[in-house]
Structure formats: C-alpha cells, structure tokens
Amino acid sequence: MPNWLLPENIADVLPSEARKIEDLRRLMLDRFRTYGYELVMPPMLEYVESLLTGTGHDLDLRTFKLVDQLSGRTMGLRADITPQIARIDAHLLNRKGVTRLCYAGSVLFTRPRNLLATREPFQIGAEIFGHSGLEADLEIQELLLYCLQLAGLKQIRIDLCHAGVLESLIERVPAAEAIESQLFGALATKDVPQLEALTRDLPTHLRDALLALTTLYGEPSETLARAREVLPDLPGVKAALDDLAYLAASQSKDGPAVLSIDLADLRGYQYHSGVMFAAYVDGIPNAIARGGRYDKVGQAFGRDRPATGFSLDLRELAAISPVEARSNAILAPADDVPGLRAKIDSLRDAGEVVIRMLPGHDQDFEEFTGDRVLVEKDGQWVVTPR
C-alpha cells in the first residue's frame, strides 16, 4: 500500500475548501461574539472519565481511545466538544450567572455517520449555561438560523422535539426503562416494526403512545393538538408539549425557517434533557445541525446547571454553501525597486491580498482572482484594473 494513502473516511482539506471553511468559521465566531459568547479552546484529548461523563453509550463507541504513556490512564480523542464545554463551565469558570461560550475545532469518530461522511468533522457551536427558561432555547435557535443564513442557505426547516415526552412516558415502567436506548433508536429512525417488537410486552396504553410518536410530526399547531389527544395526560408530557407550543408561537411566521414538530426525532438524545431541535436544508438528507437542552451533563460533572446549545459540522456546511470562497487579489511585480515594498505592505495592512509575480512562472490561481495589478506611474505605485 502506498505510504501516502490516508485511512478510510479521512481526507486532506485542500485550499479552496479550506478557505471556504475558514471564511465560514470567522463569520460565525464573529456573529457569536456580537451575542456575547466567549470563545474557548478545549484540548483534543482528555482522560475518558472526563471526556465521556454523562454522555451515553453511543458517544463512547464513537471515541478513539489510547493509553497515556505518562500516567498509564486511558485517554480519548474527542468525538464531541459539547461535554468539554460543560466541564469548562462547571469546573474552570465556575460562574454563578449566565455564561455564553462558543468553540470551533476538529473532532474524530471511530466510524463515519454514513458511507460518504468524514470521520474528522470540524465542529462549531455555541452554548448557554445558567438559565433554565425557554428564552435561552429561543436565543440558541435564533443564533443557529443566523449561522445558516451567513452560509447562504435557503429553505431551512427546523424540527422541534422534546426528550421529556419519552422520559415521562416510560417513567416508573421498569420494563420500558430497561430498553430506553433501544426505544430511542427505533423512534429516531421511525422503525415501526422494531418498535412494535420492543413494546410487545409493555402495557397497552404505553405501547400505543410510543407507536403514536412515530406519526406525530408536521405543522406545529396541528401536530401538538393531535399529540394532546393521543398521548397520556401526564404532567411531564403536558409540560413538554407546552414548551414546544411556546417555542413554535415565538418564532416569526415570516422568518427564514419553516418550523415543524417531530416528536420522534430523538437522534443525539444521549445527554439531552428537554427541548431538542434539528435543522434541515436542501442538499443533504440528514440534519445539518442539532441542538437542545442538556442539563444532565452538568449534573454528571457535579454541578447542577441548566444548559442548552447547538453544533454543526463546518466541513459538511461548506460543501453545500453557495458562498463564494474565491478572493480578489492584486498582482505585483517581484522586483525590488524603491517604494514597491512599502506600497505592498500598506495594501496588505489594509486587508488586500497582494501576490508577487515570481519571474519565469505563469500564474494559475485556483483560490484567488487577480483582477488588479500594481504598476508604476509617474514615480508612484498605483493599483489599476487588470
């Protein structure tokens, strides 16, 4: 095997793609900052006890593990940055009030999410800690929509769900609690035959309610009305549906996204504890971003602190974004003549891309468009159209 081959579902990011990803990263981090989010940079690897605290079995399976030669302890290469952000909030910042944090960095999966997906996504996200009210959920969803708009995406759909519905249904039913992860998985894929098999021995009212979840999706008001009719009148179920009704009513009817409810869209449930949401756009079959409330992670770190946020893969987003990554550039001679270097420096200080034309080489730019040239006129270096 040639020694330059990379592992399956691992690939280099070449200039045109890298520039687009970097442009989107800067746009989003700048947008986060305007909302008051502070940038943090967690390490790529940690001890697994910290990295996987409160995250569930699925994340454990996606995490590469290795032995630290200094301590002999098992370490993991992060497969999700969100738990790290929760650790930072709980044990390093330890603030009492509301904290807004954001991040951007690579994660690594043991297996790709699908046959064509990378095992090294570039994850970017934002999280709010310290506020349990729905105002935080609204802000996070608004921020996600801004990010997708910055990437030039249209026809965005936001699906709302709530982990509390299923938790309330199976609460105090030991047989159901014992197969909770299988129920979540069958609901997330709307695998009705599998769900029927899993619920065969459960109480009839619970079985009917779980099967009904696979049909409860669509326009918010109609879907929530049907949910109130067919689901048991449990306090937890009612509270979850009330939360979803509030969020749906608070969204602008003329906003950039179409809002819908999908009570079975429970992917990524591992550490979510309340409102969940997924963003879908034309071009890819799976959600481009996911988020929601994950108060339980804070509990697992020893600090009971409400939290909500979202994350997305910038590499996946860049692949479908219509935002143009090419950049206009000024072409300059490579000669060392009086005044030329000072002029080039001043242009670069002003944010212009200036490329010196090396002698003896034809210039073939993939990433830059040389639309202007630097020429000498009457003893002065000036920029003129090419």
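Our subject in this report is the structure included herewith. As the structure is a prediction and not an experimental result, all values here were calculated from the model. (Residues numbered from 1 in each chain as written. Predicted model: local features only at pLDDT ≥ 70, side-chain atom pairs only at ≥ 80, totals over all residues. Heavy atoms only, no water.)

1. Focus on the sheet that holds strand E3 (residues 64–67)
Then, in step 1: Taken in spatial order, the 3 strands line up as E2-E4-E3 in an open sheet, and their pairing is antiparallel. Strands at the two margins of the open sheet, each flanked by one partner only, are strand E2 (45–47) and E3. Mean inter-strand twist for the sheet, computed between neighbouring axes without regard to direction, equals 35°.
Then, in step 2: Note: E2 against strand E4 (residues 74–77), 3 bridges, orientation antiparallel. Within E4, the position partnered with Tyr47 by the bridge is Met75. (Pairing = 2+ DSSP bridges. Helix = DSSP H or I, 4+ residues; strand = E, 2+ residues; numbered from the N terminus. Axes fitted to C-alpha atoms, helices over the stretch in contact; angles between N-to-C directions.)

2. Details of the sheet that holds strand E7 (residues 156–162)
Then, in step 1: Within the open sheet, the 9 strands sit side by side as E1-E5-E6-E12-E11-E10-E7-E9-E8. Their pairing is mixed. Single-partner strands in this sheet number two, and they are strand E1 (38–39) and strand E8 (217–218).
Then, in step 2: Alignment of strand E10 (residues 275–280) against strand E11 (residues 289–293), held across 4 bridges, turns out to be antiparallel. Considered in E11, the bridge of Phe277 is made with Gly291.
Then, in step 3: The strands touched by helix H5 (residues 134–150) are strand E5 (99–106), strand E6 (122–129), E7, strand E9 (257–262), E10, E11 and strand E12 (307–313); relative to E12, the strand with the most contacts, the crossing angle is about 15°.
Then, in step 4: Packed onto the sheet, helix H12 (residues 235–250) meets E7, E9 and E10 and runs at close to 155° relative to E7. (Contact = heavy atoms within 4.5 Å.)

3. A word on the packing of helix H11 (residues 220–230) against H12
Then, in step 1: One can describe the packing of H11 onto H12 by two numbers: an axis separation of 10 Å at closest approach and a directional angle of 170°. In terms of orientation, H11 lies roughly antiparallel with respect to H12. Here Pro220, Leu224, Ala227 and Arg228 of H11 lie close against H12, whose contacting residues are Lys238, Leu241, Asp242, Leu244, Ala245 and Ala248.
Then, in step 2: Broken down by class, the residue content of the contact of H11 with H12 amounts to 7 nonpolar, no polar and 3 charged. (Parallel < 35°, antiparallel > 145°, perpendicular 65-115°, else oblique. Nonpolar A, V, L, I, M, F, W, Y, C, P; charged D, E, K, R; others polar.)

4. A few points about the packing of aromatic side chains
Two aromatic rings are characterised by how far apart their centres lie and by the angle between their planes.
Then, in step 1: Taken as a whole and assessed by the stated rule, the structure comprises 4 aromatic pairs.
Then, in step 2: Taking the centre distance of 6.3 Å and the plane angle of 50° together, the rings of Phe32 and Tyr37 count as tilted. By the burial criterion, Phe32 is buried, and Tyr37 matches it.
Then, in step 3: When the centroid spacing of 6.2 Å and the interplanar angle of 65° are considered together, the rings of Tyr35 and Tyr146 count as edge-to-face. In this pair, Tyr35 is assigned in the loop between helix H1 (15–34) and E1 and Tyr146 in helix H5, connecting sequence segments 111 residues apart.
Then, in step 4: Lying over the aromatic face of Phe109, Arg62 brings its terminal NZ or CZ to 5.2 Å of the ring centre.
Then, in step 5: Its end group placed over the ring of Tyr47, Arg73 keeps NZ or CZ at 3.7 Å from the ring centre. (Phe/Tyr/Trp six-rings, centres within 6.5 Å; stacked < 30°, edge-to-face > 60°. Buried < 20%, exposed > 50% of the residue type's maximum accessible area, 1.4 Å probe, protein only. Lys NZ or Arg CZ within 6 Å of the ring centre and 35° of its normal.)

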